[in-house]
Amino acid sequence: TSYIPTSGSTVTRAGDSASITGSSFDSFFSSQVGTIYAEFGKIDAGNSFIGERIVTIYPTNDTTVKYSLEGYRAEVRHQTGWDGIYFNNETRNGGKIAMAFDDTGFSAASLGVLQGSVNRQPYSVQSGRMYIGSADGNYQTNACIPKIAYYPKRLPNATLQAMTEA
């Protein structure tokens, strides 16, 4: 929920929940290789109902998250579970984060620091939808997200570091 100032009173409106689904999404997104980048503002961590999902990607007709880029970690699902890379430098105050993946694993960076790499093949199911600022329309973040970018190749770790510098 956000508050819009008006003269003499405030008006409450529902939070935004943006998504890209179906052929609009899978026409440009590859589940097998790519880089996701995001810039976002401060997340209000004082409210336990506020999510920290910046970008969440799901397989077609499945409710299990495939890729998740959050205010404090990046996650990729593989065949039997999850691999997560937690950002050691606190990003809940906003910043730049990125994750790059291919069939050999994934890497993540935040605020100019490479946070780690995982060498495990991601879940092979085709992705079918992306949620921006939420997870499946739930757990909406209250952060401003001025930029999200997808690159159709796995960018090198040095590039991830450079693109996430303050």
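Residues numbered from 1 in each chain as written. Predicted model: local features only at pLDDT ≥ 70, side-chain atom pairs only at ≥ 80, totals over all residues. Heavy atoms only, no water.

Student: Describe in detail the overall build of the protein chain, supporting the description with residues and values.
Tutor: Along the backbone of the protein chain there are 2 helices and 13 strands. Expressed as a percentage of the 166 residues in the protein chain, the buried residues total 45%. Considering only contacts in the protein chain between residues 6 or more positions apart, those separated by 24 or more positions represent 63%. (Helix = DSSP H or I, 4+ residues; strand = E, 2+ residues; numbered from the N terminus. Buried < 20%, exposed > 50% of the residue type's maximum accessible area, 1.4 Å probe, protein only. Contact = heavy atoms within 4.5 Å.)

Student: Would you mind going over unusual backbone geometry in detail, with residue names and values included?
Tutor: Generally, phi is negative for residues other than glycine and the peptide bonds are trans, each holding for most cases. With a phi close to 50 degrees, Leu 111 is a non-glycine residue in the positive phi region. Here Leu 111 is to be found in the loop between strand E10 (105–110) and strand E11 (113–118).

Student: An account of the environment of Lys 96 is needed here, citing residue identities and associated values.
Tutor: Within the fold, Lys 96 resides in strand E9 (residues 95–102). Lys 96 sits in the partly exposed class, given a relative accessible area of 24%. Sequence spacing of Lys 96 and Phe 40 is 56 residues, and the spatial spacing of their C-alpha atoms is 6.7 Å. Look past the residues within four positions of Lys 96 in its chain and what remains in contact with it is Tyr 37, Ala 38, Glu 39, Ala 109, Ser 110, Leu 111, Met 163, Thr 164, Glu 165 and Ala 166.

Student: An account of the pairing of strand E4 (residues 34–40) is needed here, citing residue identities and associated values.
Tutor: Counting buried residues in E4 gives 6 out of 7 residues, a clear majority hidden from the surface. For E4 and strand E13 (residues 147–151), the ladder comprises 5 bridges, and the chain directions are antiparallel. Looking across to E13, one finds that Thr 35 is bridged to Tyr 151. (Pairing = 2+ DSSP bridges.)

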